[in-house]
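Architecture and fold: a report
Letter by letter, the chains look like this.
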Amino acid sequence: MSITFYYAPMSTSSITEAVLAELELDYQGVELDIDAGDTQSQSFLKINPNARVPVIIHDGVTIWESAAITLYLGETFGVEKALFPALGPSRGEAMKWVVWSNLNLADAAGKLAAQLSPEAPGAVQKGSQDFVAVELRRPEALVKAKADMHRCFAILNAALAQRRFLLNQYSIVDTHLFVLVAWALFMEWDLSAFPHVDAWFARCIARPVLGAMMSDDQ
Ligand SMILES: N[C@@H](CCC(=O)N[C@@H](CS)C(=O)NCC(=O)O)C(=O)O
């Protein structure tokens, strides 16, 4: 079994890094520098034509998109480690949260990050394809991104009012969402209106992998 993991520091690939760590999987890491144009290089475009990290290559098969990677690693390695549900309705819930988080929460956070000052924590880096030139930024886009973030956090908050973790017991679905919420916090997103997300985040940080990840970011 061999896994190669293409990543960039402080990026969406932190989700995969955390999932790999929770599943205690060995891999060969390949670090890319987005600002230096590594994700746009001809050699990397052959691996991911979307010019984005994360990417894993598992036993010769290339998988991109962080949601696909989390779900794939979960079903391949997570079930026996009790970190991902076996086939059945709970598996459906796992897919729901991971797909939802990328289509909604990550999308809103990305749009917020693209409107922040380039120097602000969590902002889109200047070399990224998602960078919006400062003169093209609009106050309405910032307002819309924040409203979308609020909507996503309200959904997450309501779900976590009923459960300690998204699937009741901790799973890599929590790992995946944790990294997205950590990105929002890095952008100074205020959790005071979302107490159940706040309490869940604290429960997640008690996990050694996620706790270490947060202290590395300080
Ligand atoms: N939907 C993708 C998004 C990945 C993504 O946006 N990655 C960014 C870093 S956060 C990237 O690689 N950007 C490279 C670039 O802009 O050149 C996923 O979830 O994997």
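Residues numbered from 1 in each chain as written. Predicted model: local features only at pLDDT ≥ 70, side-chain atom pairs only at ≥ 80, totals over all residues. Heavy atoms only, no water.

Let us look at helix α3 (residues 66–78). End to end, α3 covers just 16 Å across 13 residues, shorter than the expected 18 Å (1.5 Å per residue, more than 12% under). Among all positions in α3, only S66, A67, I69, T70, L71, L73, G74, F77 and G78 are buried. Looking at the buried positions of α3, the neighbouring elements they touch are β1 (3–7), α1 (13–22), β3 (55–58), β4 (61–64), α4 (89–115) and α6 (172–186). (Helix = DSSP H or I, 4+ residues; strand = E, 2+ residues; numbered from the N terminus. Expected span 1.5 Å × (residues − 1). Buried < 20%, exposed > 50% of the residue type's maximum accessible area, 1.4 Å probe, protein only. Contact = heavy atoms within 4.5 Å.)

Next up on the list: the site of the ligand. If you check the shell around the ligand, you find 14 residues, and the closest are Q40, R52, V53, E65 and S66. R52 is positioned with one of its side-chain polar atoms (N or O) 2.7 Å from an oxygen atom of the ligand. One of the side-chain N or O atoms of E65 is found 2.7 Å from a nitrogen atom in the ligand. Expressed as a share of its isolated accessible area of 520 Å², the protein-covered part of the ligand is 84%. Grouping the amino acids of the shell around the ligand by side-chain chemistry returns 4 nonpolar, 8 polar and 2 charged. Looking at the shell around the ligand, you find at least three residues from each of domain 1 (3–78) and domain 2 (89–207). (Near = heavy atom within 4 Å. Polar contact = N/O pair within 3.5 Å; in protein donor to acceptor, adjacent residues only side chain to side chain. Areas by Shrake-Rupley, 256 points an atom, 1.4 Å probe, with all protein chains shown as cover. Nonpolar A, V, L, I, M, F, W, Y, C, P; charged D, E, K, R; others polar. Domains from an automatic or database assignment.)

With that out of the way, let us pick up unusual backbone geometry. Residue P54 is bonded to the preceding V53 through a cis peptide linkage, with omega at 10°. Positive phi, normally seen in glycine, also occurs at N168, with a value near 80°. As for its placement among the helices and strands, N168 is situated in the loop between α5 (139–162) and α6. Residue E188 is not a glycine yet carries a positive backbone phi of 65°. Owing to a relative accessible area of 66%, E188 belongs among the exposed residues under this scheme.

Next up on the list: the domain arrangement of the protein chain. Annotation of the protein chain at the domain level lists domain 1 (3–78) and domain 2 (89–207). Here domain 1 and domain 2 have C-alpha centroids that lie 20 Å from each other. Listed per partner, the contact involves 20 residues of domain 1 and 20 residues of domain 2. Taken together, the two surfaces of domain 1 and domain 2 that pack against each other cover about 1,700 Å², and 60% of this comes from carbon and sulfur. Taken as a group, I15, E22 and L71 account for 30% of the area that domain 1 buries against domain 2, more than any other trio of residues on that side. Remark: the boundary between domain 1 and domain 2 carries 3 salt bridges. (Buried area = accessible area lost by both parts, 1.4 Å probe. Salt bridge = Lys/Arg side-chain N within 4 Å of Asp/Glu carboxyl O.)

Take the environment of W97 next. The residue W97 is located in helix α4 in this model. Among the residues examined, W97 registers a relative accessible area of 8% and is labelled buried. Note: C-alpha distance between W97 and R164 (67 residues apart in sequence) is 15 Å. What W97 contacts, discounting residues up to four positions off in sequence, is I155, L156, A159, L166, L167, V173 and L177.

What follows is about the pattern of salt bridges. Enumeration according to the criterion identifies 8 salt bridges in this entry. In this structure, E22 and R207 form a salt bridge, with 2.9 Å as the shortest nitrogen-oxygen distance. Linking E22 in helix α1 with R207 in the loop between α7 (195–205) and α8 (208–217), this pair joins segments that are 185 residues apart in sequence. A residue is classified by how much of its surface remains accessible, and E22, at 8% relative accessible area, is buried. Looking at R207, the relative accessible area reads 26%, which means it is partly exposed. Between R52 and D130 there is a salt bridge, with the nearest N and O atoms lying 2.8 Å from each other. Remark: D130 occurs in the loop between α4 and α5 and R52 occurs in the loop between α2 (42–47) and β3; sequence separation between them is 78 residues. The exposure class assigned to R52 is partly exposed, which follows from its relative accessible area of 33%. Each of K144, D148 and R151 takes part in salt bridges that share partners, so that together they form one network.

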